[in-house]
Amino acid sequence: MSESIHPAAPHHLPGFITAPGDTDVLMVAVGIFLIVAVLAVGNFYLQLHSLPERMAHKSQKFQFEVVAVLCLLALFTHNHLFWVIGLFLAMIDLPDFSTPLRRIAGSVEKMAGVPPEQDPTEPPTGEATHAAATDEAKARIEKAAGAKSEVHSHA
């Protein structure tokens, strides 16, 4: 069977036009390129969104959890302000206020004669030591209460 071209058709057809029943190579190539491009852009987007979190994790920042939550909020709400705040928090070193305050509280307790409370991060030292310290503190409180009752008014 000889293929005859319609008289109104051009005699030279472009290469992207396929014959009936043949595979459209251009469509397959564009489909593969589109899938790879979408995956690459999605990977770049997720890497960019996790940038503040990775920065805070590398430098062992105190505010790592806050930065991670802000990055997730920015990812799911598409609110870029959360991402910018997370980026700034990841770049800033917040000072450690808890250690000096804990040391001040321990010094004041020592000056007042009150035994310091057990730090929850330290392992327990034993019940006998704690019981003796509480008995000593109770005796000091009773002694102070007795001294107050001995004070007479000047009225």
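The following refers to the structure shown. (Residues numbered from 1 in each chain as written. Predicted model: local features only at pLDDT ≥ 70, side-chain atom pairs only at ≥ 80, totals over all residues. Heavy atoms only, no water.)

Brief notes about the overall build of the chain
Line of reasoning, step 1. Per the secondary structure count, the chain includes six helices and zero strands.
Line of reasoning, step 2. A separation threshold of at least 6 residues defines the contact pool for the chain, and within that pool the share at least 24 residues apart is 44%.
Line of reasoning, step 3. Put simply, the chain shows about 13,300 Å² of open surface, and 69% of that area lies on carbon and sulfur atoms. (Helix = DSSP H or I, 4+ residues; strand = E, 2+ residues; numbered from the N terminus. Contact = heavy atoms within 4.5 Å. Areas by Shrake-Rupley, 256 points an atom, 1.4 Å probe, with all protein chains shown as cover.)

Some thoughts on the packing of helix H1 (residues 25–49) against helix H3 (residues 64–77)
Line of reasoning, step 1. As a packed pair, H1 and H3 sit with axes 10 Å apart at the nearest point and diverge in direction by 145°. Contacts between H1 and H3 involve Tyr 45, Leu 46 and His 49 from the first element and Cys 71, Ala 74 and Leu 75 from the second.
Line of reasoning, step 2. Taken together, the residues of the contact of H1 with H3 break down into five nonpolar, one polar and no charged. (Axes fitted to C-alpha atoms, helices over the stretch in contact; angles between N-to-C directions. Nonpolar A, V, L, I, M, F, W, Y, C, P; charged D, E, K, R; others polar.)

Things to note about a nonpolar patch on the surface
Line of reasoning, step 1. On the surface, a cluster of nonpolar side chains totalling about 490 Å² of accessible area is made up of Leu 13, Phe 16, Ile 17, Leu 26 and Val 30.
Line of reasoning, step 2. With respect to the helices and strands, Ile 17 occurs in the segment before H1. (Patch = residues over 30% accessible without salt bridge, like charges linked within 9 Å, V, L, I, M, F, W, Y side chains within 5 Å. Salt bridge = Lys/Arg side-chain N within 4 Å of Asp/Glu carboxyl O.)

Concerning the side chain of Ser 50
Line of reasoning, step 1. Turning to its location among the elements, Ser 50 is positioned in the loop between H1 and helix H2 (51–58).
Line of reasoning, step 2. There is a polar contact of 3.2 Å between the side chain of Ser 50 and the backbone oxygen of Gln 47. (Polar contact = N/O pair within 3.5 Å; in protein donor to acceptor, adjacent residues only side chain to side chain.)

Observations concerning the nonpolar core
A general trend in soluble globular proteins is that nonpolar side chains are found buried together.
Line of reasoning, step 1. Formed by Ala 56, Val 67, Leu 70, Cys 71, Leu 89 and Ala 90, the largest nonpolar core amounts to six residues.
Line of reasoning, step 2. Those elements giving two or more residues to this core turn out to be H3 and helix H4 (80–91).
Line of reasoning, step 3. Counting residues per element, this core draws most heavily on H3, which supplies three residues.
Line of reasoning, step 4. Not counting chain neighbours up to four residues away, the residues in contact with Val 67 comprise Pro 52, Glu 53, Ala 56, Gly 86, Leu 89 and Ala 90. (Core = buried A, V, L, I, M, F, W, Y, C linked by side-chain atoms within 4.5 Å. Buried < 20%, exposed > 50% of the residue type's maximum accessible area, 1.4 Å probe, protein only.)

What about the packing of H3 against H4?
Line of reasoning, step 1. Where H3 meets H4, the closest approach of the two axes is 8 Å, and the angle between their N-to-C directions is 160°. By the angle class used here, H3 and H4 are roughly antiparallel. The two elements H3 and H4 meet at a crossing, and its hand is left-handed. Two secondary-structure elements touch here, H3 through Val 66, Val 67, Leu 70, Leu 73, Ala 74 and Thr 77 and H4 through Phe 82, Trp 83, Ile 85, Gly 86, Leu 89 and Ala 90.
Line of reasoning, step 2. Across the contact of H3 with H4, the residue classes tally to ten nonpolar, two polar and no charged. (Parallel < 35°, antiparallel > 145°, perpendicular 65-115°, else oblique. Left-handed = near helix turned anticlockwise from the far one by under 90°.)

Here's the deal with the side chain of His 49
Line of reasoning, step 1. Examined against the element boundaries, His 49 turns out to sit in helix H1.
Line of reasoning, step 2. Residue class for His 49 comes out buried when judged on its relative accessible area of 7%.
Line of reasoning, step 3. Not counting chain neighbours up to four residues away, the residues in contact with His 49 comprise Cys 71, Ala 74, Leu 75 and Trp 83.

Considerations on unusual backbone geometry
Line of reasoning, step 1. A positive phi angle, close to 60°, is found at His 78, a residue other than glycine.
Line of reasoning, step 2. Structurally, the position occupied by His 78 is in the loop between H3 and H4.
Line of reasoning, step 3. Residue His 78 is classed as exposed on the basis of its relative accessible area, which comes to 52%.

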